[in-house]
Amino acid sequence: MASLRIKAVQLKGFDLEPMTPVAAKTVGPLLSRIDPWARYAYTGDALTAFLANEEPGAPRFAIKADRVIAGAISIRNNWLRGPYLQFLGILPGYQSHGIGGAILDWLESEARGIGAQNLWVAASEFNTRALSFYEKHGFNRIATLSDLVVEGSSEILLRKRLTAD
C-alpha cells in the first residue's frame, strides 16, 4: 500500500498546509488550553515540539481558515492496513463549522485512493463529543486502551472499514 500524499490541499472553506515550525509554535500553545490536552496537562511546548517534528510516514498539517491557523492534524501512514489519524485539534472558534467532517472525508478519499482498508483514530473516553463525532462519521469502537496516555484514563480505539466485511 502506498503512503498518503503530503501536499497542501484546499477543502471546504479552509486549507491544509504542511506544518511549519512557525505554525506549530502558534497553534501548540492554543491547543494545550483545550481538552483533551488540557486535561492531560500537555504543555504548549510539548504540543509545539510534536507538531513541528518532521517524522517519515507521519505528516503534520496546519489547518488554516482565511490564512489564519484554525488547528492541526497528524496522520500516521500505513498503520494496520490504513492511516491512523494520530492528532486532530481544531480551535474552539472554528469547531462546528464542518472542518472536522471535511478532513475525515478528505482522509477517507485519500486512503481509498491508495487502496487502504481501514481508517483509525483514538479518542479519550471522557471526550464524548469527539467519540460522537467519529461515530457519526462511520467509525466503530474497537477497543478500550486503559492507562495508555495517563494512569486512570482510557482511550477508545475506533476503526472505519473501507472495504466490505
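Look up: the structure comes first, before these words.
Because the structure is a prediction, the values reported are computed rather than measured.

**Regarding the environment of Gly28**
Mapped onto the secondary structure, Gly28 falls in helix 1 (residues 21-31). Apart from the residues lying within four places of it in its own chain, the contact partners of Gly28 are Gly44, Leu47, Thr48 and Leu51.

**Re the packing of aromatic side chains**
Each aromatic ring pair is summarised here by two numbers: the centre-to-centre distance and the angle between the ring planes. On inspection of all chains with the given rule, the structure shows 8 aromatic pairs. Taking the centre distance of 5.1 Å and the plane angle of 65° together, the rings of Phe133 and Tyr134 count as edge-to-face. Exposure remark for Phe133: the relative accessible area of 21% places this residue in the partly exposed category. With 5.8 Å between their ring centres and 70° between their planes, Tyr134 and Phe139 make a pair best called edge-to-face.

**Side note on unusual backbone geometry**
Cis geometry marks the peptide bond from Asp35 to Pro36, where omega comes out at 10°. Phi is positive for Ala41, which is not a glycine, with a value near 60°. Note on placement: Ala41 falls in the loop between helix 1 and helix 2 (44-52). The phi torsion at Arg81 lies on the positive side, around 60°, for a residue other than glycine. Following the sequence through the fold, Arg81 ends up in the loop between strand 4 (68-76) and strand 5 (84-90).

**What about the nonpolar core?**
Among the nonpolar cores identified, the biggest contains 29 residues, and Ile63, Ile73, Leu85 and Tyr134 are the most heavily contacted of them. For this core, the elements supplying multiple residues, two or more each, are strand 2 (14-18), strand 3 (60-65), strand 4, strand 5, helix 3 (99-113), strand 6 (118-124), helix 4 (128-136) and strand 8 (154-161). Broken down by element, this core gets its largest block of residues, 7 residues, from helix 3. Apart from the residues within four sequence positions on either side, Tyr134 is in contact with Leu85, Leu88, Leu104, Val121, Ala123, Phe139 and Leu158. Core analysis: the second largest hydrophobic core is formed by 14 residues, Leu31, Trp37, Leu47 and Ala62 among them.

**Thoughts on helix 1**
Among all positions in helix 1, only Ala23, Ala24, Val27, Gly28 and Leu31 are buried. Relative to the axis of helix 1, the buried residues are bounded by an arc of 120° and lie together on one face. Turned more than 90 degrees off the buried face of helix 1, the exposed positions are Val22 and Lys25. For helix 1, the elements touching its buried residues are helix 2, strand 3, strand 4 and strand 5.

**Side note on the environment of Ser74**
Counting through the fold element by element, Ser74 comes out in strand 4. Placed 13 residues apart in sequence, Ser74 and Phe87 show a C-alpha to C-alpha distance of 4.9 Å. Among residues more than four places away in sequence, those in contact with Ser74 are Phe50, Ala58, Pro59, Arg60, Tyr84, Leu85, Gln86 and Phe87.

**Focus: helix 3**
The end-to-end C-alpha separation of helix 3 is 21 Å, in line with the 21 Å expected for 15 residues at 1.5 Å each. Burial of helix 3 is extensive: 11 of the 15 residues sit out of reach of the surface. Among the residues of helix 3, those classed as buried are Ile99, Gly100, Gly101, Ala102, Ile103, Leu104, Trp106, Leu107, Glu108, Glu110 and Ala111.

**Here's the deal with the pattern of salt bridges**
All chains considered together, the criterion is met by 7 salt bridges. Residues Glu55 and Arg76 are paired through a salt bridge, measuring 2.8 Å at the closest nitrogen-oxygen approach. Residue Glu55 is found in the loop between helix 2 and strand 3, and its partner Arg76 is found in strand 4; the two are separated by 21 residues along the sequence. Arg76 gets classed as partly exposed once you look at its relative accessible area, which sits at 22%. Between Glu108 and Arg112 there is a salt bridge, and its shortest N-O distance comes to 3.0 Å. Here Arg112 and Glu108 lie together in helix 3, a separation of 4 residues that amounts to about one turn. A single salt-bridge network, built from bridges that share partners, covers Glu55, Arg60 and Arg76.

What counts and what doesn't
In this convention, every chain numbers its residues from 1, walking through the sequence in written order. At least 70 in pLDDT is required for a residue's local features to be given in this predicted model, at least 80 for side-chain atom pairs to be given and counted, and no such filter applies to totals for whole chains, interfaces and linings, which use all residues. With hydrogens and water excluded, all non-hydrogen atoms of the structure serve as input to the side-chain values. Helix and strand definitions here come from DSSP, where helices need a minimum of 4 consecutive H or I residues and strands a minimum of 2 consecutive E residues; each element is numbered from the N-terminal end. We call two residues in contact whenever any of their non-hydrogen atoms come within 4.5 Å of each other. The criterion for an aromatic pair is that two Phe, Tyr or Trp rings (for Trp, the six-membered ring) have centres within 6.5 Å, with stacked assigned to planes under 30 degrees apart, edge-to-face to planes over 60 apart and tilted to the rest. Burial status follows relative accessibility: with a 1.4 Å probe on protein chains alone, a residue under 20% of its type maximum counts as buried, one over 50% as exposed, and anything between as partly exposed. Nonpolar cores were defined as sets of buried Ala, Val, Leu, Ile, Met, Phe, Trp, Tyr and Cys residues, with membership established by side-chain atoms within 4.5 Å. Arc definition: directions from the helix axis to the C-beta atoms. Expected helix span is taken as 1.5 Å per residue step, with the number of steps being one fewer than the number of residues. Salt bridges are defined by distance alone: a side-chain nitrogen of Lys or Arg within 4 Å of a carboxyl oxygen of Asp or Glu.

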